[in-house]
Amino acid sequence: MSAFTTPTPAPGEEYASELGYVYGAVAEGDKVRVTVKQLRELRGDAASAYARAHGLTAPADGEALVVDTGTVHVLTLPDGTPVEARELSGNRATDMRLGQLVGELRSRAKWTFWIDYDTRRQVASLREVGQRPDRAVTRS
């Protein structure tokens, strides 16, 4: 397992993001503990080279190849952490709170999110990607 490094926004940027499966949710008072299995999007030449090296089909132009980085970490967040949901809210774009999704996120790794970190390196919000990434997930 690789060590986790909290994403830091680039100079002049408000947020930095991490892509990952979010699962194993447990409510702990006014907090929610989740496990994050980090993923990485590869596009263009990087995706094609990775696919060739691992016997995969290269993604079409504009598509991403999503790979498992081998990094797994735990976050404990306020239950009021904002979540932009779509599939989790019945296929309608909805702003929710993490505490509302503990039941859905309790099981195995199946829901992917962009996790946004602010300049203080704290989670500002989660944005649902869906149940599966764009392409097959492969361990890098």
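Keep in mind that this is a model prediction, so the values were computed, not measured.

A. Spatial organisation of the pattern of salt bridges. Counting across every chain of the model gives five salt bridges. Between Asp116 and Arg127 there is a salt bridge, with its nearest N and O atoms 2.8 Å apart. Of this pair, Asp116 sits in strand β6 (residues 112–117) while Arg127 sits in strand β7 (residues 123–130), and the two are eleven residues apart along the sequence. Measuring nitrogen to oxygen at the nearest pair gives 2.8 Å for the salt bridge that ties Asp118 to Arg120. The class for Asp118 is buried, based on a relative accessible area of 10%.

B. Structural context of the side chain of Asp116. Accessibility expressed as a relative area gives 7% for Asp116, which makes it buried. Within the local environment of Asp116, its side chain forms a polar contact with the side chain of Ser17, the two groups lying 2.5 Å apart. When neighbours within four sequence positions are excluded, Asp116 is seen to be in contact with Tyr15, Ala16, Ser17, Gln122, Val123, Ala124, Ser125 and Arg127.

C. Quick look at the nonpolar core. Formed by 21 residues in total, the largest nonpolar core has its most connected members in Val22, Leu75, Leu105, Phe113, Ile115 and Leu126. Taken together, the elements giving at least two residues each to this core come down to β1 (16–28), β2 (31–42), β3 (65–78), β4 (82–85), α2 (102–105), β6 and β7. If we skip the residues at most four places from it in the chain, Leu126 touches Val22, Leu77, Thr81, Pro82, Val83, Glu84, Phe113, Trp114 and Ile115. Counting residues in hydrophobic clusters, the runner-up holds six residues, among them Leu42, Ala47, Leu65 and Val67.

D. Region of interest: the pairing of β7. Relative to β7, β4 is paired through two bridges, and the arrangement is parallel. Its bridge partner being in β7, Glu84 is matched across the sheet by Arg127.

E. Representation of helix α1 (residues 44–53) within the structure. Buried within α1 we find Ala47, Tyr50 and Ala51. Down the axis of α1, the sector holding all buried residues measures 100°, keeping them to one side. Facing away from the buried side of α1 by over 90 degrees, the exposed positions are Asp45, Arg52 and Ala53. At the exit of α1 stands Gly55, carrying a positive phi of roughly 70°.

F. Expanded view of the packing of aromatic side chains. Under the definition given, this model contains one aromatic pair. Measuring from ring centre to ring centre gives 6.5 Å for Phe4 and Tyr117, while their planes differ by 40°; the resulting arrangement is tilted. With Phe4 in the segment before β1 and Tyr117 in strand β6, the pair connects residues that are 113 residues apart, well separated along the chain. Assessed through its relative accessible area of 25%, Phe4 is described here as partly exposed.

G. Just the environment of Gly90, in detail. Structurally, Gly90 is set in the loop between β4 and β5 (94–97). Overall, Gly90 belongs to the exposed group, its relative accessible area being 54%. C-alpha separation for the pair Gly90 and Leu77, spaced 13 residues apart in sequence, amounts to 24 Å.

Basis of the calculations
Residues numbered from 1 in each chain as written. Predicted model: local features only at pLDDT ≥ 70, side-chain atom pairs only at ≥ 80, totals over all residues. Heavy atoms only, no water. Salt bridge = Lys/Arg side-chain N within 4 Å of Asp/Glu carboxyl O. Helix = DSSP H or I, 4+ residues; strand = E, 2+ residues; numbered from the N terminus. Buried < 20%, exposed > 50% of the residue type's maximum accessible area, 1.4 Å probe, protein only. Polar contact = N/O pair within 3.5 Å; in protein donor to acceptor, adjacent residues only side chain to side chain. Contact = heavy atoms within 4.5 Å. Core = buried A, V, L, I, M, F, W, Y, C linked by side-chain atoms within 4.5 Å. Pairing = 2+ DSSP bridges. Arc of directions from axis to C-beta. Phe/Tyr/Trp six-rings, centres within 6.5 Å; stacked < 30°, edge-to-face > 60°.

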